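Summary of structural features
Here's the letter readout for the chains.
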Amino acid sequence: PEDIRVYEFAEAIKRPMSEVIKVLFDLGLMMTKNDFLGNDEIEILSEEFDVEVTIVDPKDAFNYEEDLAQDIEKDPDATKRPPVITIMGHVDHGKTSLLDAIRKAKVSEGEAGGITQHIGAYTVQQNGEAITFLDTPGHAAFSHMRQRGTDVTDIIVIVVAADDGVKPQTLEVIKIAKESGAPVIVALNKMDKETAQPDMVKGQMAEHGISPVDWGGDVEFIPVSAKSGMGIDDLLENILITAEVLELRANENAMAKATVVESSLEKGRGPVATVIVQNGTLKVGDYVVCGSSYGRIKALIDENNKQIKSLLPSYTAVVVGLNEVPASGEVMMAMESDKEAKEYAQKRHEYDRHIELSHSTKSTLEDMTSMI
Ligand code: GTP
Ligand code: MG
């Protein structure tokens, strides 16, 4: 494509820029370092320098999602996994309250005691089936995951306050949902309020292509109240019905792959990352790589602050043991050995640096695809 510059090409094939410019000059092309190369020029240069050149979108170079989808599709040992739900909606419409209410209603007694801290990801059981929830957006993770093609969301729950209706961020969320292709369920929240007008909200949503089932459309609208707990069972039941159709699968015995939802540097613990497992089982003691960071898992801490030994597909926990804080949306992968993890992290580091140097967000020469 036209957005590869001369110096980027030189960098990619690890040859001095002057040599590249000279070859172009000998071909009768007067080009400087910042000029863009066309496909023909790239082809000629590749022959001259005897290099094989593949042009890929950097997003594709580490396209985990596609790899993963293929891995699982081909895997005869993949079995049913729980759905991962992302809660989205306009500010103050009750996303966090709803998550808290679900958690309170579903976490077995004794465990729930004194949980006040905000938890961004957790799994609940409904009639013996697990459901994992993520609190977004405003969450950088979501856009990172989307950029990296590592979005873990299976179903989107759009929360709309029934007393407030469709707002700018609701529209944004509708757009995101449509782009992602994930099925949508609408939670009509704050139904305990006298000023709630569910039909008004349905009308507004229908205007934007989210048509209620009871109006002949294809989206379930579930009246709920995060305050009173009303409708929560209904919402969870609908999530499970929707998930059933998706036939979500993963192989518990595959090499683990997980996605980072949030990450930070914690006193005493060092770099920590909240992850959701997409395939395989993540275990304490696993060698892992996560972008350009790597390490051996020292501890897995679940949403109840309990140390656990292993984490199954679609479940979430905090991982301790990485050498650096990974970016949200990054993929964590189990490796055979410490050496392998280190090498992969190093390659990824070089790759990231290359992308940075090339200042290219769209496309770049990439000869590292083969290393995955
Ligand atoms: P942001 O994270 O800031 O976007 O907000 P949010 O969508 O997470 O909303 P949050 O859960 O923080 O709730 C916003 C306000 O609405 C709080 O004051 C809640 O107490 C209130 N609220 C949430 N759900 C309900 C509900 O079902 N009924 C009533 N009456 N109030 C609610
Ligand atoms: Mg919130």
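To keep things clear, this report deals only with the structure shown in the data block.

Thresholds, definitions, all that
- Residues numbered from 1 in each chain as written.
- Chains lettered and ligands numbered in written order.
- Predicted model: local features only at pLDDT ≥ 70, side-chain atom pairs only at ≥ 80, totals over all residues.
- Heavy atoms only, no water.
- Helix = DSSP H or I, 4+ residues; strand = E, 2+ residues; numbered from the N terminus.
- Contact = heavy atoms within 4.5 Å.
- Areas by Shrake-Rupley, 256 points an atom, 1.4 Å probe, with all protein chains shown as cover.
- Buried < 20%, exposed > 50% of the residue type's maximum accessible area, 1.4 Å probe, protein only.
- Lys, Arg positive; Asp, Glu negative; His and termini not counted.
- Salt bridge = Lys/Arg side-chain N within 4 Å of Asp/Glu carboxyl O.
- Polar contact = N/O pair within 3.5 Å; in protein donor to acceptor, adjacent residues only side chain to side chain.
- Pairing = 2+ DSSP bridges.
- Axes fitted to C-alpha atoms, helices over the stretch in contact; angles between N-to-C directions.
- Patch = residues over 30% accessible without salt bridge, like charges linked within 9 Å, V, L, I, M, F, W, Y side chains within 5 Å.
- Charge placed at Lys NZ, Arg CZ, Asp CG, Glu CD.
- Near = heavy atom within 4 Å.
- Nonpolar A, V, L, I, M, F, W, Y, C, P; charged D, E, K, R; others polar.
- Expected span 1.5 Å × (residues − 1).
- Arc of directions from axis to C-beta.
- Core = buried A, V, L, I, M, F, W, Y, C linked by side-chain atoms within 4.5 Å.
- Phe/Tyr/Trp six-rings, centres within 6.5 Å; stacked < 30°, edge-to-face > 60°.
- Lys NZ or Arg CZ within 6 Å of the ring centre and 35° of its normal.

1. Considering the overall build of the protein chain
Within the protein chain one finds eleven helices and 21 strands. Within the protein chain, residue pairs in contact and separated by at least 24 positions form 73% of the contacts whose partners lie at least 6 positions apart. Surface accessibility of the protein chain: about 18100 Å² in total, with carbon and sulfur atoms responsible for 48%.

2. Points about the side chain of Asp-302
Inspection of the secondary structure puts Asp-302 in the loop between strand S16 (293-301) and strand S17 (307-308). Lys-306 provides the closest opposite charge to the buried, unpaired Asp-302, separated from it by 4.9 Å. At 2.8 Å, the side chain of Asp-302 and the backbone nitrogen of Asn-304 are in polar contact. Residues contacting Asp-302, with those up to four places away along its chain left out, are Ile-308 and Ala-317.

3. Things to note about the sheet that holds strand S8 (residues 155-161)
Spatially, six strands are ordered S6-S7-S5-S8-S9-S10 in an open sheet, and the strand pairing comes out mixed. The open sheet has two free edges, formed respectively by strand S6 (121-126) and strand S10 (220-223), since each of these has just one partner strand. Sheet twist, expressed as the average angle between the axes of neighbouring strands with direction ignored, equals 30 degrees. With six bridges connecting them, S6 and strand S7 (residues 129-135) associate as antiparallel partners. Note on S7: the bridge partner recorded for Thr-123 is Thr-132. Helix H8 (residues 168-180) contacts strand S5 (84-89), S8 and strand S9 (184-189) of the sheet and is inclined by roughly 165 degrees relative to S8.

4. Some remarks on a negative patch on the surface
Where like charges cluster on the molecular surface, the negative patch consists of Asp-40, Glu-43, Glu-47 and Glu-48. On the secondary structure map, Asp-40 appears in helix H3 (residues 39-48). Looking at Asp-40, the relative accessible area reads 61%, which means it is exposed.

5. A look at the site of ligand 1
Lining the immediate surroundings of ligand 1 are 15 residues, of which Lys-95, Thr-96, Ser-97, Asp-192 and Ala-226 lie closest. Note that an oxygen atom of ligand 1 is positioned 3.0 Å from one of the backbone N or O atoms of Asp-92. Ranked by residue count, the leading element in the shell around ligand 1 is helix H6 (residues 95-106), at three residues. Class assignment of the residues belonging to the shell around ligand 1 gives a composition of two nonpolar, seven polar and six charged.

6. Structural notes on H8
Under the 1.5 Å per step criterion, the end-to-end length of H8 is 19 Å for 13 residues, consistent within 8% with the ideal 18 Å. Turning to H8, its buried residues number three or more, namely Thr-170, Val-173, Ile-174 and Ala-177. In a view along the axis of H8, the buried residues occupy a sector of 105 degrees, so they form one face of it. Turned more than 90 degrees from where H8 packs its buried face, Pro-168, Glu-172 and Lys-175 sit exposed. In this structure, the buried residues of H8 make contact with S5, S8, S9 and helix H9 (198-207). Of the residues flanking the end of H8, it is Gly-181, one or two places downstream, whose phi is positive at about 75 degrees.

7. Remarks on the pattern of salt bridges
All chains considered together, the criterion is met by 13 salt bridges. In this structure, Arg-15 engages Glu-19 in a salt bridge whose closest nitrogen and oxygen atoms are separated by 3.1 Å. On the accessibility criterion, Arg-15 (35% relative accessible area) is partly exposed. Here Arg-81 ties to Asp-154 by a salt bridge, and the two come within 2.8 Å at their closest N and O atoms. Remark: Asp-154 occurs in the loop between helix H7 (140-148) and S8 and Arg-81 occurs in the loop between strand S4 (79-80) and S5; sequence separation between them is 73 residues. Each member of the pair, Arg-81 together with Asp-154, is buried. Where salt bridges share partners, they join Lys-80, Glu-129 and Glu-244 into one cluster.

8. Thoughts on the environment of Glu-244
The residue Glu-244 is located in helix H10 (residues 232-246) in this model. Glu-244 sits 161 residues away from Pro-83 along the chain, and the two C-alpha atoms are 8.9 Å apart.

9. Some points on the environment of Lys-167
The residue Lys-167 is located in the loop between S8 and H8 in this model. With 61 residues separating them along the chain, Lys-167 and Ser-228 place their C-alpha atoms 24 Å apart. Those residues in contact with Lys-167 that sit more than four places away from it in its chain are His-90 and His-93.

10. Topic: the nonpolar core
Among the nonpolar cores identified, the biggest contains 25 residues, and Leu-98, Ile-102, Ile-131, Phe-133, Val-157, Leu-235 and Ile-239 are the most heavily contacted of them. Sorting the residues of this core by element identifies S5, H6, S6, S7, S8, S9 and H10 as the ones contributing at least two each. Filtering out sequence-adjacent residues up to four positions away, Ile-131 remains in contact with Pro-82, Pro-83, Ile-85, Tyr-122, Thr-123, Val-124, Gln-126, Leu-236, Ile-239 and Leu-240.

11. Side note on the packing of aromatic side chains
If you walk through the whole model with that rule in mind, you get one aromatic pair. On the numbers, 6.1 Å between centres and 45 degrees between planes, the contact of Tyr-122 with Phe-133 is tilted. Highlighted residues: Tyr-122 in strand S6 and Phe-133 in strand S7, separated in sequence by eleven residues. A single burial state applies to Tyr-122 and to Phe-133, both of which are buried. The ring of Tyr-122 carries Arg-103 above its face, with NZ or CZ at 5.3 Å from the centroid.

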